[in-house]
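# Commentary on secondary and tertiary structure
Given next are the chains, with one letter for each unit.
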Amino acid sequence: MEATRAKQIYQKFLEAKHPVLLLDDHIDGDSLGSCLAMADHLLSLGKTVRIYTTQPIPERYQFLPHLHLCSLDVSVLKDSSIDLIAFFDCSDVVFFKHIMDSLSTQPVIINIDHHTTNPLFGHYNYVVTHASATAAVLYSIFHQNNVTPSKHAANCLLTGLCFDTTSFTNDATDQQAFFIASELIKLGARPQQVVRSIIADRSISALRVWGVALERLRAHKTYGVVSTFITRADIETHGVSDEEVDGLANFLHFVSDAHTLFLLKETGDGGVKTSMRSTARDISKMAKLFGGGGHKKAAGFTIPNSYLSQDETGEWKVVFRTKAC
Ligand SMILES: [Mn+2]
């Protein structure tokens with residue numbers, strides 16, 4: 001069954017004359033790495049490839065190939081010649097609908113992902129929820145079609161794997177992740193470069209924001225949860241971007257003895273984003289309840305139109321802009 005679907009999907013890519021590849025609304029190493037690996041392969045077949053993104057590519061991924069194909073210009077989606085669009089690592093149905101509304105044609109929709117919350121919105125879905133990364137899913141599609149990734153594509157796929165497994169340290173890391181990584185390294189992927197792009201190269205200012213959040217760590221014994229948070233004031237005072245302080249939830253989950261961790265962060269557009277990590281609970285259910293998504297052990301959601309506020313007892317709470325919760 002999987003082999004049939006993998007062949008069907010690959011055939012659709014082969015048939016496409018004007019494909020557009022899409023990054024998730026929230027760009028991460030897995031979404032970007034998978035998308036660029038497919039772009040690399042399509043380019044090698046002589047195809048014209050375009051990639052649409054709603055956010056600028058974070059600085060840390062500038063070592064990846066083909067970034068010049070990425071466009072923030074929504075007119076990319078208006079082209080009436082588009083015959084295929086492919087989503088990578090995207091389970092966000094609101095984003096999917098936004099993309100659909102922007103199109104002027106009705107192309108074939110491919111959906112390649114590994115989120116348990118993926119609603120299977122494609123005409124052709126290849127969603128493997130036990131896979132450690134979308135990069136591993138795409139590696140499998142390549143493998144089942146006898147496609148050998150180039151060394152550039154291999155580096156892209158390794159970036160996806162390393163990002164989603166927090167460099168092979170979190171619960172998403174399975175035997176297959178190590179096997180695929182090994183194969184990708186044989187093909188020319190550069191693990192030191194990839195790992196460094198994900199966990200290293202933090203500015204002192206970004207680490208100071210992490211320091212502020214570390215000081216605020218709090219254990220909620222009743223729920224068995226440890227939490228902390230970052231405010232807009234923290235980010236603005238230290239002159240850092242949101243992207244620079246990303247990764248704190250993964251870092252804390254790696255070094256802390258708590259089995260469940262919540263990191264709350266005020267977003268630039270006036271909401272509060274909750275990133276959750278757990279080794280003991282299926283937190284994707286909670287994320288889904290609040291309109292978010294993710295995996296069993298790593299998930300999140302955003303509460304729009306809200307902010308973080310400290311009450312008279314010193315407790316920090318999420319407050320709606322119209323009423324307290
Ligand atoms: Mn992923």
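Criteria and cut-off values
- Think of each chain on its own: its residues are numbered from 1, step by step along the sequence as written.
- Owing to the predicted nature of the model, reporting of local features is limited to residues with pLDDT of at least 70; listing and counting of side-chain atom pairs is limited to 80 or more, with chain, interface and lining totals taken over all residues.
- When DSSP finds at least two bridges between two strands, those strands are taken to pair.
- Think of it this way: any DSSP run of H or I at least four residues long counts as a helix, any run of E at least two long counts as a strand, and we number them from the N terminus.
- Contact between two residues is assigned when their C-beta atoms, built from the backbone, lie within 7 Å.
- Only the stretch in contact is used when fitting a helix axis, every axis being a line fitted to C-alpha atoms; angles between N-to-C directions are given from 0 to 180 degrees.
- UniProt positions are given in the numbering used here, feature names are shortened, and annotations may be inferred rather than shown by experiment.
- What counts as a domain boundary in this text is fixed by an automatic or database domain assignment.
- All amino acids are sorted into three groups, where Ala, Val, Leu, Ile, Met, Phe, Trp, Tyr, Cys and Pro are nonpolar, Asp, Glu, Lys and Arg are charged, and the leftover types, Gly among them, are polar.
- Comment: burial labels come from other C-beta atoms within 10 Å of the residue's own C-beta, placed from the backbone, where a count of 20 or more is buried, 12 or fewer is exposed, and between is partly exposed.
- Residues enter a nonpolar core if they are buried, belong to Ala, Val, Leu, Ile, Met, Phe, Trp, Tyr or Cys, and are joined to the set through C-beta atoms within 7 Å.
- It is the directions from the helix axis to the C-beta atoms that the arc portrays.
- Seen with the strands pointing away from the viewer, any crossover whose path from the first strand over the helix to the second strand runs clockwise is right-handed.
- These descriptions rest on fixed angle ranges, namely under 35 degrees for roughly parallel, over 145 for roughly antiparallel, 65 to 115 for roughly perpendicular, and the rest for oblique.

Before going further, it helps to examine the sheet that holds strand β10 (residues 272–278). Spatial strand order, β7-β8-β9-β10-β12-β11: 6 strands in an open sheet with mixed pairing. The two strands at the open ends of the sheet, each matched to only one other strand, are β7 (218–220) and β11 (293–294). Here β7 pairs with strand β8 (residues 225–230) via 3 bridges, running antiparallel. Paired with Arg218 across the two strands is Ser227, which belongs to β8. Along the sheet, helix α11 (residues 248–255) makes contact with β9 (260–266) and β10, crossing β9 at roughly 155 degrees.

In this structure's numbering, the residues bearing the UniProt feature "domain: DDH" (unreviewed entry) are residues 25–160. Annotated as 35% helix and 15% strand, the span residues 25–160 places its first and last C-alpha atoms 16 Å apart.

Before going further, it helps to spend a moment on the sheet that holds strand β6 (residues 124–127). The sheet built from 6 strands is open, its strands ordered β3-β2-β1-β4-β5-β6 with parallel pairing. Two strands in the sheet have a free side with no partner beyond their single neighbour: β3 (70–71) and β6. Pairing geometry for strand β5 (residues 108–113) and β6, over 4 bridges, is parallel. Counted as the bridge partner of Asn111 is Asn125 from β6.

This part covers the domain arrangement of the protein. Here the protein is described as being made up of domain 1 (2–199) and domain 2 (204–320). Distance between the C-alpha centres of domain 1 and domain 2: 27 Å. Each partner contributes residues to the interface: domain 1 has 12 residues there, and domain 2 has 13 residues. Considered class by class, the residues forming the side of domain 1 that touches domain 2 number 3 nonpolar, 7 polar and 2 charged.

Residues of helix α4 (residues 134–144) that are buried include every one of Thr134, Ala135, Ala136, Val137, Leu138, Tyr139 and Ile141, and no others. Backbone geometry just downstream of α4 places Asn146 in the positive-phi region, at approximately 55 degrees.

Turning to the environment of Glu315, a few remarks are in order. If you trace the backbone, Glu315 turns up in the loop between β13 (306–310) and β14 (316–320). Residues Glu315 and Arg218 lie 97 residues apart in sequence; the distance between their C-alpha atoms is 9.7 Å.

On to the nonpolar core. Core analysis: the biggest nonpolar cluster contains 59 residues, and Leu21, Leu22, Ala86, Leu157 and Leu161 have the highest contact counts within it. Counting residues per element, this core draws most heavily on helix α5 (residues 151–164), which supplies 8 residues. Beyond its immediate sequence surroundings of up to four residues, Leu21 is in contact with Cys35, Met38, Ala39, Val49, Ile51, Ala86 and Phe88.

Of all the positions in helix α7 (residues 191–199), only Val194, Ser197 and Ile198 are classed as buried. Burial along α7 is one-sided: seen end-on, the buried residues are contained in an arc of 95 degrees. Buried positions along α7 lie against α2 (29–44) and α5.

What follows is about the pairing of strand β1 (residues 19–22). On β1, burial covers both faces: Pro19 and Leu21 on one face and Val20 and Leu22 on the other are all buried. Inspection of the sheet shows β1 paired to strand β2 (residues 50–52) by 3 bridges, in the parallel sense. When the sheet's bridge partners are listed, Leu21 is paired in β2 with Ile51. This β-α-β element, β1 to α2 to β2, shows right-handed connectivity.

Moving on to the pairing of strand β4 (residues 84–88). Burial within β4 is extensive, with 5 of its 5 residues counted as buried. Residue alternation in β4 divides its side chains into two sets, Leu84, Ala86 and Phe88 and Ile85 and Phe87, and both sets are buried. Here 5 bridges tie β4 to β5, and the two strands are oriented parallel to one another. The partner of Ala86 across the bridge, within β5, is Ile110.

Below, the discussion takes up the packing of helix α1 (residues 2–15) against α4. Where α1 contacts α4, the two axes come as close as 9 Å, and the packing angle between them is 85 degrees. Between α1 and α4, the angle is such that the two are roughly perpendicular. Taken together, the residues of α4 that come into contact with α1 (itself represented by Ala3, Ala6, Lys7, Ile9 and Tyr10) are Ser140, Ile141 and Gln144. Partitioning the contact of α1 with α4 into residue classes produces 5 nonpolar, 2 polar and 1 charged.

Here we take up the environment of Ile198. The topology assignment puts Ile198 in helix α7. For Ile198, a count of 21 C-beta atoms within 10 Å translates into the label buried. In this structure the C-alpha to C-alpha distance between Ile198 and Ser91, which are 107 residues apart in sequence, comes to 22 Å. Excluding residues that lie within four positions of it along the chain, Ile198 makes contacts with Gly29, Cys162, Phe163 and Ser167.

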